[in-house]
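Coordinates in review
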Amino acid sequence: MSDDDDTPETRMARLILALRSQGVTEPKVLHAVETTPRPLFTQALFKDRAFEDSALPIACGQTISQPFVVGLMTQALRIDRRDRVLEIGTGSGYQTTILSKVARLVYTVERYRTLMKEAEGRFKELGLTNVITRFGDGGEGWPEQAPFDRIMVTAAAPAEPKALLSQLKPTGILVAPIGKGPVQSLRRYAGDGKGGFQVEDLIDVRFVPLLDGVAKEL
Ligand code: SAH
């Protein structure tokens, strides 16, 4: 039987195995991935590839992240279910949905109105009640709601995201792809409680760039 003949359950089971074998082992993270229907977040053209462990195109020239990277970033944040999390780059809303299943509240910012609206529709369809969206420039964070327990940036920042780090609690954690080129380093900043950070490079990743300001096009 070819992969195409497999049921969504079989395909999802295979995806979960792929994540585990690459080091995503935290049960609550795997559970969040397993209970999130990725086809809902992909374009019609790519629905049959929704269970593949790869990034796929979405509207506005952006991408839905690779499930392994979504799992790894979520795991790297060491989220407690009481945590308030800020996500920069809502995109399809796939990563947001995974975060909403492990955190108390998720604040998410997107610079394309179209993507924001589509993602909001998905959150509604899934009945998520702990996601708060904002159309804006995520590079500035969300000062009115700061400080956050955790921050995840899902677009590549050219350098250390100082404004975002300043919106983190003293022992908070931020994960972001850092770099100017096509390949970036996924970096974790863990607050030491004294105003400093322990910085760790996790893996190489390929993200679309974090851009300044909101998009003029829809
Ligand atoms: N987490 C997303 C990945 C989306 S790709 C998912 O799971 O589908 C990165 C997203 O970051 C894109 O939608 C892009 O428009 C957005 N982005 C880039 N720069 C931004 C900024 N300054 N503020 C808010 N969003 C931004």
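The structure this text deals with has already been given above.
Notes on the structure follow. Keep in mind that what you see is a predicted model, and the values were worked out from it rather than measured.

Calculation criteria
Residues numbered from 1 in each chain as written. Predicted model: local features only at pLDDT ≥ 70, side-chain atom pairs only at ≥ 80, totals over all residues. Heavy atoms only, no water. Phe/Tyr/Trp six-rings, centres within 6.5 Å; stacked < 30°, edge-to-face > 60°. Helix = DSSP H or I, 4+ residues; strand = E, 2+ residues; numbered from the N terminus. Buried < 20%, exposed > 50% of the residue type's maximum accessible area, 1.4 Å probe, protein only. Near = heavy atom within 4 Å. Polar contact = N/O pair within 3.5 Å; in protein donor to acceptor, adjacent residues only side chain to side chain. Areas by Shrake-Rupley, 256 points an atom, 1.4 Å probe, with all protein chains shown as cover. Nonpolar A, V, L, I, M, F, W, Y, C, P; charged D, E, K, R; others polar. Salt bridge = Lys/Arg side-chain N within 4 Å of Asp/Glu carboxyl O.

**Side note on the packing of aromatic side chains**
Summed over the entire model, instances satisfying the criterion amount to four aromatic pairs. Centre to centre, the rings of Phe-41 and Tyr-94 are 5.5 Å apart; their planes meet at 65°, and the pair counts as edge-to-face. Here Phe-41 is found in the loop between helix 2 (27–34) and strand 1 (56–57), whereas its partner Tyr-94 is found in helix 4 (residues 94–100), with 53 residues between them in sequence. For Phe-41, a relative accessible area of 1% puts it in the buried group.

**Some details on the site of the ligand**
Close to the ligand lie 26 residues; Ser-92, Glu-110, Asp-137, Gly-138 and Leu-211 are nearest. A distance of 3.2 Å is found between an oxygen atom of the ligand and a backbone nitrogen or oxygen belonging to Gln-95. Between the ligand and Glu-110, the relevant distance is 2.6 Å, taken from an oxygen atom to a side-chain nitrogen or oxygen of the residue. Isolated, the ligand exposes 580 Å² of accessible area, and the fraction of that covered by the protein chains is 100%. Its residues placed into classes, the shell around the ligand shows ten nonpolar, twelve polar and four charged.

**Quick notes on the pattern of salt bridges**
Scanning the model with the defined rule gives ten salt bridges in all. One salt bridge in this structure joins Asp-6 and Arg-14, with 2.3 Å as the shortest N-O distance. Since its relative accessible area comes to 11%, Asp-6 is described here as buried. Residue classification places Arg-14 among the partly exposed residues on the basis of a relative accessible area of 38%.

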